[in-house]
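# Descriptive analysis of the structure
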Amino acid sequence: MCDTMVSITKDGVLFAKNSDRDANESQILEWHAGTTHDRQERLRCTWIEIPQVASTHAVLISRPWWMWGAEIGANDKGVVIGNEAVFTNEPYEGPALLGMDLLRLGLERSATAPEAAGVVVDLLERYGQGGPCSYEHPKFTYHNSFLIADTSGAILLETAGRRWATKEISAGSLAISNCLTIDGFAERHGEVVRARAASCAPRKARTSASASKATHPVELMAGLRDHGDRASPRWSAINGAMSAPCVHAGGLVVSSQTTASWISDLRAPVLHWATGSSAPCTSLFKPVRVDDPVDLGPSPTNHFDPRTLWWRHEQLHRATMADHAGLLARYRPARDRTEAEWLSTRPSSSEAFAMADLLERQWLADVIAAGAHDRRPGWLQRHWRALDRAAGIDLKIAA
């Protein structure tokens with residue numbers, strides 16, 4: 001599932017998103033330069049081909065490893081988009097454009113938030129949305145809502161099949177989760193049962209409160225790391241820790257994990273902050289810029305590879321979860337100090353990623369050396385052991 005929020009402050013626009021997906025589904029931070037194209041060129045998206053346009057903008061995206069589209073992204077014109085899975089009473093089509101494809105296409109083909117909304121609507125009406133939305137669960141599909149922001153404001157675009165509605169946000173704040181919200185459209189097209197299973201309402205309540213108070217990226221960082229009314233996850237055998245924005249997998253019926261997090265400070269000069277890794281509570285937000293590509297090494301897949309940024313961090317994340325409160329406390333002060341320094345000094349992206357990699361290696365060694373016992377319920381331990389086996393990751397944590 002996901003949570004996305006925007007705050008229109010007196011100084012400009014702030015945006016944030018947690019991307020919640022399958023626990024072993026790594027995400028890739030990718031930079032793509034602006035390009036001109038042959039008008040006869042065809043573009044292969046995740047499931048279908050569509051005509052390419054004459055030129056595309058430079059983009060920075062966070063993309064699930066197996067799909068063409070993106071969960072979060074920004075372009076060189078200051079447009080940023082996050083999408084949400086929503087469940088509706090409209091029919092679900094076969095292979096078409098995924099919501100993530102529409103998100104990336106909106107970024108590549110627009111210079112403003114209204115223009116991006118228009119691109120998404122046009123493509124939605126022409127090609128529809130549909131097809132498997134999960135690599136691990138190919139029968140899982142959904143419709144999408146989009147929060148689209150630029151330096152002037154934001155637009156909420158909600159869809160149900162090929163139907164859609166929009167809402168403009170020019171002041172205040174807005175948060176969305178896995179349910180339709182636009183008056184009239186939500187009542188006509190919303191599907192309540194699956195939205196309730198996804199804990200849309202409690203997460204949306206938390207992110208709405210965070211967005212309403214956010215005047216700086218540090219407050220959005222705290223909002224994305226929110227575990228609800230306690231410092232560590234509250235577990236449910238039904239849907240894991242899905243009742244708060246910092247989602248941790250573990251549900252036996254519905255299971256989702258925050259696999260990437262992103263914040264955009266659209267006040268001049270525009271700067272984005274991305275984890276490039278799962279679980280914002282165990283991650284560092286690194287400064288990233290659309291015009292400053294960073295070599296992050298090989299692209300990850302759904303199998304453990306220590307050469308990749310996402311899986312290197314996953315060792316720290318999974319080791320910490322054995323005793324979240326006790327083990328996170330060992331490095332949370334250093335995490336917060338480092339981000340505070342970066343927010344003040346704004347290092348280059350390459351410097352920040354290199355420092356983050358070094359710090360996380362040190363934190364992992366300390367967490368392992370602590371020899372903490374796994375304090376999670378037995379069913380949750382078994383759930384994660386199965387995920388670890390599927391990914392081929394081995395953690396030396398005491399039972």
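Above this text sits the structure in question.
Below is a short write-up of the structure.

Cut-off values and rules
- Residues numbered from 1 in each chain as written.
- Predicted model: local features only at pLDDT ≥ 70, side-chain atom pairs only at ≥ 80, totals over all residues.
- Heavy atoms only, no water.
- Core = buried A, V, L, I, M, F, W, Y, C linked by side-chain atoms within 4.5 Å.
- Buried < 20%, exposed > 50% of the residue type's maximum accessible area, 1.4 Å probe, protein only.
- Helix = DSSP H or I, 4+ residues; strand = E, 2+ residues; numbered from the N terminus.
- Contact = heavy atoms within 4.5 Å.
- Salt bridge = Lys/Arg side-chain N within 4 Å of Asp/Glu carboxyl O.
- 1 Å grid on protein atoms, 1.4 Å probe; cavity = no way out; pocket = protein on both sides within 12 Å on 5 of 7 lines; lining within 4 Å.
- Points joined across faces, edges and corners; volume = space filled by probe spheres on them.
- Nonpolar A, V, L, I, M, F, W, Y, C, P; charged D, E, K, R; others polar.
- Pairing = 2+ DSSP bridges.
- Axes fitted to C-alpha atoms, helices over the stretch in contact; angles between N-to-C directions.
- Disulfide = S-S within 2.5 Å.
- Patch = residues over 30% accessible without salt bridge, like charges linked within 9 Å, V, L, I, M, F, W, Y side chains within 5 Å.
- Areas by Shrake-Rupley, 256 points an atom, 1.4 Å probe, with all protein chains shown as cover.

## Describing the nonpolar core
Nonpolar side chains in soluble globular proteins tend to be buried together. V6, L147, A149 and W262 are the most contacted members of the largest nonpolar core, which totals 34 residues. Looking at which element gives the most residues to this core, the answer is strand β12 (residues 154-160), with three residues. Ignoring sequence-local partners within four residues, the contact set of V6 consists of V13, L14, F15, L147, A149, A154, G172, S173, L174 and A211. Membership of the second largest hydrophobic core comes to 32 residues, among which are A16, M221, A279 and Y331.

## Focus on the environment of K77
By the element assignment, K77 lies in the loop between β9 (72-75) and β10 (80-86). Accessibility expressed as a relative area gives 45% for K77, which makes it partly exposed. Those residues in contact with K77 that lie beyond four places of it in its chain are H57, S110 and A111.

## Concerning the pattern of salt bridges
By the definition in use, this model includes 25 salt bridges. Between D122 and R126 there is a salt bridge, with its nearest N and O atoms 2.6 Å apart. Within this pair, D122 and its partner R126 are both found in helix α2 (residues 113-127), separated by four residues, close to a single helical turn. Through salt bridges that share partners, K17, R21, E25 and E71 make up one connected network.

## Focus: the side chain of S145
With respect to the helices, strands and loops of the structure, S145 is situated in strand β11 (residues 143-149). Given a relative accessible area of 1%, S145 falls into the buried group. Those residues in contact with S145, other than ones at most four positions away along the chain, are G82, N83, E84, V86, L157, E158, I176 and S177.

## Digging into the layout of surface pockets
The volume enclosed by the largest pocket comes to roughly 590 Å³. Along the walls of the largest pocket sit 32 residues, with D22, H137, F140, S255 and S256 positioned nearest its centre. Mapped by element, the contributors of at least two residues to the lining of the largest pocket are β2 (12-21), β10, α4 (192-197) and α11 (378-391). Residue classes in the lining of the largest pocket are distributed as 16 nonpolar, nine polar and seven charged.

## Re the sheet that holds strand β15 (residues 257-265)
Reading across the sheet, the six strands line up as β14-β1-β2-β15-β16-β17 and stay open at both edges, with antiparallel pairing between neighbours. Of all strands in the sheet, those with a lone pairing partner are β14 (172-176) and β17 (286-288), marking the two edges. Within the sheet, the average angular offset between the axes of one strand and its neighbour, ignoring direction, is 15 degrees. Across four bridges, the pairing between β15 and strand β16 (residues 271-274) is antiparallel. The partner of D265 across the bridge, within β16, is L271.

## Overview of the state of the cysteines
For the structure shown, the criterion picks out one disulfide. With its sulfur 2.0 Å from that of its partner, C179 forms a disulfide with C200. The sign of the S-S torsion, about -45 degrees, decides the handedness of the disulfide formed by C179 and C200: left-handed. Linking C179 in the loop between β14 and α3 (185-189) with C200 in helix α5 (residues 200-213), this pair joins segments that are 21 residues apart in sequence. With respect to class, C179 is no different from C200; both count as buried. Left unpaired, C45 is separated from the closest cysteine sulfur, that of C133, by 14 Å.

## Remarks on a nonpolar patch on the surface
On the surface, I238, L252 and V253 cluster together to form a nonpolar patch covering roughly 310 Å² of accessible area. In this structure, I238 sits in the loop between α6 (217-224) and β15. Taking relative accessible area as the criterion, I238 reaches 49% and is therefore assigned partly exposed.

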